[in-house]
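Inside the fold
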Amino acid sequence: MTAYTAGLLFSEEEALVALILKKRGPDNVRGRLNAIGGHVEPGESPADCQAREFREETGLHVPPEAWTETVELRGPDWVVHFFRATVPRDVLLTVETTTDEEVSVCEVRSLGAVMWHPLHGEVEVVRNLRWIIPLSVDRSVRFPVVLTEGLPRVA
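The following refers to the structure shown. (Residues numbered from 1 in each chain as written. Predicted model: local features only at pLDDT ≥ 70, side-chain atom pairs only at ≥ 80, totals over all residues. Heavy atoms only, no water.)

If you tally the helices and strands in the chain, you get three helices and ten strands. Taken from the N to the C terminus, the helices and strands of the chain come in the order β-β-β-β-α-β-β-α-β-β-β-α-β. Relative to its full complement of 155 residues, the chain shows a buried share of 48%. For the chain, contacts bridging at least 24 residues in sequence account for 61% of all contacts bridging at least 6. Accessible surface, the chain as shown: approximately 7,800 Å² in total, 51% of it carbon and sulfur. (Helix = DSSP H or I, 4+ residues; strand = E, 2+ residues; numbered from the N terminus. Buried < 20%, exposed > 50% of the residue type's maximum accessible area, 1.4 Å probe, protein only. Contact = heavy atoms within 4.5 Å. Areas by Shrake-Rupley, 256 points an atom, 1.4 Å probe, with all protein chains shown as cover.)

Listed below in structure tokens is the structure:
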């Protein structure tokens, strides 16, 4: 089974989130804003992977223990561990793009099909983030939420 992580780093008041504008990948993610993460390496825990991937892609170190797993999506031969963490606004604003895919801090003001990107205006969001973002900030939910094959559909 191939394991991945995807992290949402929010400002403490949850008004801002760091996302990545994907240049590569399947059609459902390319050209859209996505959570920041990657492949879990052999012997690596999902939380360790999330901390490593976030540091590699943004230059910001958020330790593994700061990440809370919110959603686990499972398919027939893959799993994606979604994480959330919060940092002070001034810390979040220090994220940088360290790869060829642009990382930006976006306003969490529209949780629909698009979000505001500082350089590109309104940009589509990867479909599952339309429900993973609000779920990840819902304090009434017991995490992680585990979903398999019959994933919720977003119209």
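There's plenty left to go through after this.
Moving on: the packing of aromatic side chains. Evaluation of the coordinates by the stated rule reveals one aromatic pair. Between phenylalanine 54 and tryptophan 67, the ring centres sit 5.3 Å apart and the planes meet at 55°, which makes this aromatic pair tilted. Taken as a pair, phenylalanine 54 in helix H1 (residues 46-58) and tryptophan 67 in the loop between H1 and strand E5 (68-74) lie far apart in primary sequence, 13 residues in all. A relative accessible area of 0% means that phenylalanine 54 is categorised as buried. (Phe/Tyr/Trp six-rings, centres within 6.5 Å; stacked < 30°, edge-to-face > 60°.)

What follows deals with helix H3 (residues 129-136). Each full turn of the α-helix corresponds to 3.6 residues, which orients residues three or four apart in the same direction. Burial runs high along H3: seven of the eight residues are buried. Listed in full, the buried residues belonging to H3 are Leu129, Arg130, Trp131, Ile132, Ile133, Leu135 and Ser136.

This part is about the nonpolar core. Counting 22 residues, the largest nonpolar core has Leu8, Leu73, Phe82, Leu129 and Ile132 as the members making the most contacts within it. For this core, the elements supplying multiple residues, two or more each, are strand E1 (2-11), strand E2 (16-21), E5, strand E6 (78-87) and H3. With five residues, the single largest contributor to this core is H3. Grouped together as the second largest cluster of nonpolar side chains are 18 residues, Leu9, Ala47, Val62 and Leu92 included. (Core = buried A, V, L, I, M, F, W, Y, C linked by side-chain atoms within 4.5 Å.)

With 13 residues, H1 should cover 18 Å at 1.5 Å per step; its first-to-last C-alpha distance of 18 Å lies within 8% of that length. Turning to H1, its buried residues number three or more, namely Ala47, Cys49, Gln50, Ala51, Arg52, Glu53, Phe54, Glu57 and Thr58. Elements that come into contact with the buried residues of H1 comprise E1, E2, strand E4 (36-39), E6 and strand E7 (102-107). Phi turns positive, to about 80°, at glycine 59, one or two residues after H1. (Expected span 1.5 Å × (residues − 1).)

We now examine the pattern of salt bridges. Going through the model one piece at a time under the given rule, you end up with 13 salt bridges. Residue arginine 84 pairs with glutamate 14 through a salt bridge whose shortest N-O separation is 3.0 Å. You can see arginine 84 sitting in strand E6 and its partner glutamate 14 sitting in the loop between E1 and E2, a full 70 residues away along the chain. Of the two residues, arginine 84 and glutamate 14, both sit in the buried class. The salt bridge partner of aspartate 100 is arginine 24, with a shortest N-O separation of 2.7 Å. Note that aspartate 100 is positioned in the loop between helix H2 (89-92) and E7 and arginine 24 in the loop between E2 and strand E3 (33-34), a separation of 76 residues in sequence. Residue class for aspartate 100 comes out partly exposed when judged on its relative accessible area of 46%. Judged by relative accessible area, which is 42%, arginine 24 ranks as partly exposed. One network of salt bridges, in which partners are shared, links Glu41, Glu44, Arg52, Glu53 and Glu56. (Salt bridge = Lys/Arg side-chain N within 4 Å of Asp/Glu carboxyl O.)

A few words now on the pairing of E2. Burial of E2 is extensive: six of the six residues sit out of reach of the surface. Taking every second residue as pointing to the same face, both faces of E2 are buried, with Leu16, Ala18 and Ile20 on one and Val17, Leu19 and Leu21 on the other. Bridging between E1 and E2 involves two bridges; their strand directions are antiparallel. Its bridge partner lying in E2, phenylalanine 10 is registered against valine 17. Connecting E1 to the next strand, E2, in antiparallel fashion are four residues, including glutamate 14 with a positive phi near 60°. (Pairing = 2+ DSSP bridges.)

Note that all results are geometric; they support no functional claim without further evidence.
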